[in-house]
Amino acid sequence: MNTLVSIGFMVALGLLAGLASAHTCASVRTRPEAPTCASVGPGETVVLLHGLARSSRSMNKLARELAAEGYTVINHGYPSRSATVEVLAKDIFEALEARIAQAPQVHFVTHSMGGIVLREHLEHNEIPNLGRVVMLAPPSRGSEVPDKLGWLKPFQWINGPAGNQLGTGSESRPLRQKPPAFELGIIAGDRSINPILSMLIPGKDDGKVSLARVKPATYTDYVQLHATHPCISRNRKAIAQTKYFLEHGMFKHEGDRP
C-alpha cells in the first residue's frame, strides 16, 4: 500500500509539474529578428495550432515573428481539453474554412497535438492550397505518458478526451493515421524540465515525447534542438528554423552554407 501511495504521489507531482511547465517558458516580449523570408507572396498565410492544454498565447511569439516576415498569420485557439482529436479537427477546420479558402497558399505550424489534429483533418479532407507544414515536438508515434498515466483521474481531468488518444496502444490516433503526404518539417527538442514524466519515457525526450516517437513514417526534413516540450514554440532557434523551412522547404543544418 505504501508503494502505491508513493507512486501516486510521484505521479501527482509529475502532472502538476506538467501544468506548471506551461508557465516556465520565458515570457519577455522581444523584437522579431530581421526578416529572412524575402519571397513571401501577397496573402501567403500561416495557420498556427497550439497543443493540448495550451492556448493560442503559447504561439504568440511565433505569430509575431511570422507576421514580421510578411505572412498573414492566423493564430487559432481551440478548447483542446473538450473533445476527441476527431471532433477537435472537425470543429477547428469548420471555423477556419473560409479564411483558408481565401488564401493563395496556406502553411501550417503546429505544436505537439496540434500536428495530430492537422493530420486528422487531412485523413479525410484535402486542402488544395496547402503549402508547407512545420510540426514542433509532435507525438507522431504517440507518447508513453498516456500509456502510464491515462487511467488516473487527474490526468483525464487535465488533458480531456484527447489525452488518452495520444498514447502508443490500440487507441492511439497518431498510430492510426496514414503517413503524411505533404512537405513536412519536424523540429524536436531533447531537453526536459519534467524529470518525473521523463522517467516514464524510454530514451531521450523533451519531457512529453521521446525522440524515437517524434518522427512520422514520412517527412521532408528533421532537426533536433536543445529545447523543451512546453517551450519549443517560443525557442529562438526553433522559430528561425520554422521560418527557414517555410521559405526553402528544408531546415538550415550545421555546416550548410549561409
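No experiment lies behind these values; they were computed from the predicted model shown.

Definitions and cut-offs
Residues numbered from 1 in each chain as written. Predicted model: local features only at pLDDT ≥ 70, side-chain atom pairs only at ≥ 80, totals over all residues. Heavy atoms only, no water. Axes fitted to C-alpha atoms, helices over the stretch in contact; angles between N-to-C directions. Helix = DSSP H or I, 4+ residues; strand = E, 2+ residues; numbered from the N terminus. Parallel < 35°, antiparallel > 145°, perpendicular 65-115°, else oblique. Contact = heavy atoms within 4.5 Å. Nonpolar A, V, L, I, M, F, W, Y, C, P; charged D, E, K, R; others polar. Salt bridge = Lys/Arg side-chain N within 4 Å of Asp/Glu carboxyl O. Buried < 20%, exposed > 50% of the residue type's maximum accessible area, 1.4 Å probe, protein only. Pairing = 2+ DSSP bridges.

Chemist: What's the story with the packing of helix α3 (residues 85–102) against helix α4 (residues 113–124) in this structure? I'm lost.
Modeler: Packed helix pairs are specified by the crossing angle of their axes together with the interaxial distance, meaning the distance between the axes. Packing of α3 against α4 leaves a shortest axis separation of 9 Å and a crossing angle of 75°. In terms of their interaxial angle, α3 and α4 are classed as roughly perpendicular. Between α3, through Val 85, Glu 86, Leu 88, Ala 89, Ile 92 and Phe 93, and α4, the contact on the second element is made entirely by Met 113, Ile 116, Val 117, Leu 118, Glu 120 and His 121. Broken down by class, the residue content of the contact of α3 with α4 amounts to nine nonpolar, one polar and two charged.

Chemist: Just checking my understanding: could you explain the pattern of salt bridges for this structure?
Modeler: Note on pairing: side chains with opposite charge can pair once their charged atoms come close. Evaluation of the coordinates by the stated rule reveals 10 salt bridges. In this structure, the salt-bridge partner of Glu 183 is Arg 132, at a minimum N-O distance of 3.1 Å. Taken together, the positions of Glu 183 in the loop between α7 (173–176) and β5 (184–189) and Arg 132 in strand β4 (residues 130–136) put the pair 51 residues apart, joining distant regions of the chain. Judged by relative accessible area, Glu 183 falls into the partly exposed class, the value being 34%. Owing to a relative accessible area of 18%, Arg 132 belongs among the buried residues under this scheme. By sharing partners, the salt bridges in this structure join Glu 65, Glu 69 and Lys 243 into a single network.

Chemist: Sorry, what's going on with the sheet that holds strand β6 (residues 221–225) here?
Modeler: The strands making up a sheet associate through backbone hydrogen bonding, with each pair oriented either parallel or antiparallel. One open sheet accounts for six strands, arranged β2-β1-β3-β4-β5-β6; its pairing is parallel. With one partner strand each, in any of the chains shown, β2 (72–76) and β6 form the two edges of the open sheet. With direction set aside, neighbouring strand axes in the sheet form an average angle of 15°. Contacting β1 (45–49), β2, β3 (106–111) and β4, helix α2 (residues 60–68) runs over the sheet at an angle of about 170° to β2. Together, β1, β3, β4, β5 and β6 form the strand contacts of helix α9 (residues 236–248), whose direction differs from that of β4 by roughly 160°.

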